[in-house]
Amino acid sequence: ANAFTRLHRFAEALDQYDQALERLACGDDYFSTASVELNRASVLTELNRFDDSLRSYETARDHCEKHGIVLWSDLLDRNSAELYFKRGSYSEALRSLGKVRPTYLEQGDDRRLARCDLARAEIYLQLNLPQEAAELAENSLKVFEEQANRLEAGQCLTHIAIAQSDRGETQSAEETFRRARE
């Protein structure tokens, strides 16, 4: 199924994931079941079957909660948020991200918290809330720079530059875009 996914042969991948779920249904390999359901949801997204994808994410999340796979439950909430975002359901996306934020705060997981806030910043940009977006992106930027994560730091800088541009701060936006390219 993973090979078909990499080849962008999503219908065949989905068929393989469905077969895998049938084989796993009788056993107690909880991680494999969660993994297959997560990958199945991703394939359904690629097939533009968003409602089915959400149901698959929910099934995987319920499975993870039932079997104590907490970290994956949070991942599934983040993935659901991304799906809602792609569909333009910004309030649902923010609600999904809001579910996982307290967990990351409690665990002291700065990286995942910063990723969550970066996603929220992108949504706020879409909602034309540049000040809020910039604040979230700036906070996330600090974490990603401390961790030497250049890709996500660049994404933060891009969000900050867009917010600056939206606020009419053209020169600042140009400089921030330049920093993002580095």
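No experiment lies behind these values; they were computed from the predicted model shown. (Residues numbered from 1 in each chain as written. Predicted model: local features only at pLDDT ≥ 70, side-chain atom pairs only at ≥ 80, totals over all residues. Heavy atoms only, no water.)

## Here we look at the overall build of the chain
Put simply, the rule is: Numbering of helices and strands runs from the N terminus; a helix is a DSSP stretch of H or I covering at least four residues, while a strand is a stretch of E covering at least two. Think of it in three bands: with a 1.4 Å probe and only protein chains considered, a residue is buried below 20% of the maximum accessible area for its type, exposed above 50%, and partly exposed in between.
For the chain, the helix and strand inventory stands at 10 helices and zero strands. Starting at the N terminus and ending at the C terminus, the chain contains elements arranged as α-α-α-α-α-α-α-α-α-α. Dimensions along the principal axes, computed over C-alpha positions, put the chain at roughly 60 × 35 × 30 Å. Residues classed as buried in the chain amount to 41% of the 182 residues present.

## A word on the layout of surface pockets
So the rule is basically this: In this analysis, the protein atoms alone were mapped onto a 1 Å grid. Cavities are point sets where a 1.4 Å probe fits without being able to get out; pockets are open sets with protein on both sides within 12 Å along at least five of seven lines; lining residues have an atom within 4 Å of a point. Grid points are joined across faces, edges and corners, and a volume is the space filled by probe spheres set on the points. Charged means Asp, Glu, Lys or Arg here, nonpolar means Ala, Val, Leu, Ile, Met, Phe, Trp, Tyr, Cys or Pro, and polar covers whatever is left, Gly included.
Estimates place the volume of the largest pocket at around 410 Å³. As for the largest pocket, its lining consists of 14 residues, of which E82, R115, L118, A119 and E122 are closest to the centre. Looking at the lining of the largest pocket, the elements that each hand over two or more residues are α5 (70–87), α7 (110–126) and α9 (150–166). Split by residue class, the lining of the largest pocket holds six nonpolar, three polar and five charged.

## Details of the pattern of salt bridges
Spelled out, the test is: Counted as salt bridges are all cases of a side-chain nitrogen of Lys or Arg within 4 Å of a carboxyl oxygen of Asp or Glu.
Summed over the entire model, instances satisfying the criterion amount to 17 salt bridges. Two residues, R61 and E65, come together in a salt bridge whose shortest N-O distance is 1.9 Å. Highlighted residues: R61 and E65, both in helix α4 (residues 50–66), separated by four residues, approximately one helical turn. Among the residues examined, R61 registers a relative accessible area of 18% and is labelled buried. The salt bridge partner of R167 is E169, with a shortest N-O separation of 3.1 Å. E169 gets classed as partly exposed once you look at its relative accessible area, which sits at 30%.

## Overview of unusual backbone geometry
Positioned with a positive phi, H8 is a non-glycine residue whose angle comes to about 60°. In this fold, H8 is placed in the loop between α1 (2–6) and α2 (10–24). Judged by relative accessible area, which is 60%, H8 ranks as exposed.

## Here we look at the packing of α7 against helix α8 (residues 130–146)
The cut-off we apply is this: Structural elements are reduced to axes, namely lines fitted to C-alpha atoms, with helices fitted over the stretch in contact, and the angle between N-to-C directions of any two is expressed from 0 to 180 degrees. Roughly parallel means an angle under 35 degrees; roughly antiparallel, over 145; roughly perpendicular, 65 to 115; everything else is oblique. The hand of a helix crossing depends on one turn: near helix anticlockwise from the far one by less than a right angle means left-handed, and clockwise means right-handed. Here, two residues are considered to be in contact whenever any of their heavy atoms come within 4.5 Å of each other.
Interaxial distance between α7 and α8 falls to 8 Å at its minimum, and their mutual angle equals 155°. As the angle between them shows, α7 and α8 are arranged roughly antiparallel. Note that α7 runs across α8; the crossing there is left-handed. In this structure, α7 contributes D110, R111, A114, R115, D117, L118, R120, A121, Y124 and L125 to the contact, and α8 contributes P130, E132, A133, L136, A137, S140, V143 and F144.

## Side note on the nonpolar core
Note the cut-off: Joining through side-chain atoms within 4.5 Å is the link that ties buried Ala, Val, Leu, Ile, Met, Phe, Trp, Tyr and Cys residues into a set, and such a set is a nonpolar core.
The biggest cluster of nonpolar side chains holds 20 residues, and the ones touching the most others in it are Y57 and L76. Listing elements by their share of this core, those giving two or more residues are α3 (30–46), α4, α5, α6 (90–107) and α7. No other element matches the five residues that α5 contributes to this core. Those residues in contact with Y57, other than ones at most four positions away along the chain, are L38, A41, S42, T45, L76, N79, S80 and L83.

## Some words on the side chain of H159
The residue H159 is located in helix α9 in this model. Using a relative accessible area of 11% as the deciding quantity, one classes H159 as buried. Once residues within four sequence positions are removed from consideration, H159 is found in contact with L118, A121, E122, L125 and A137.

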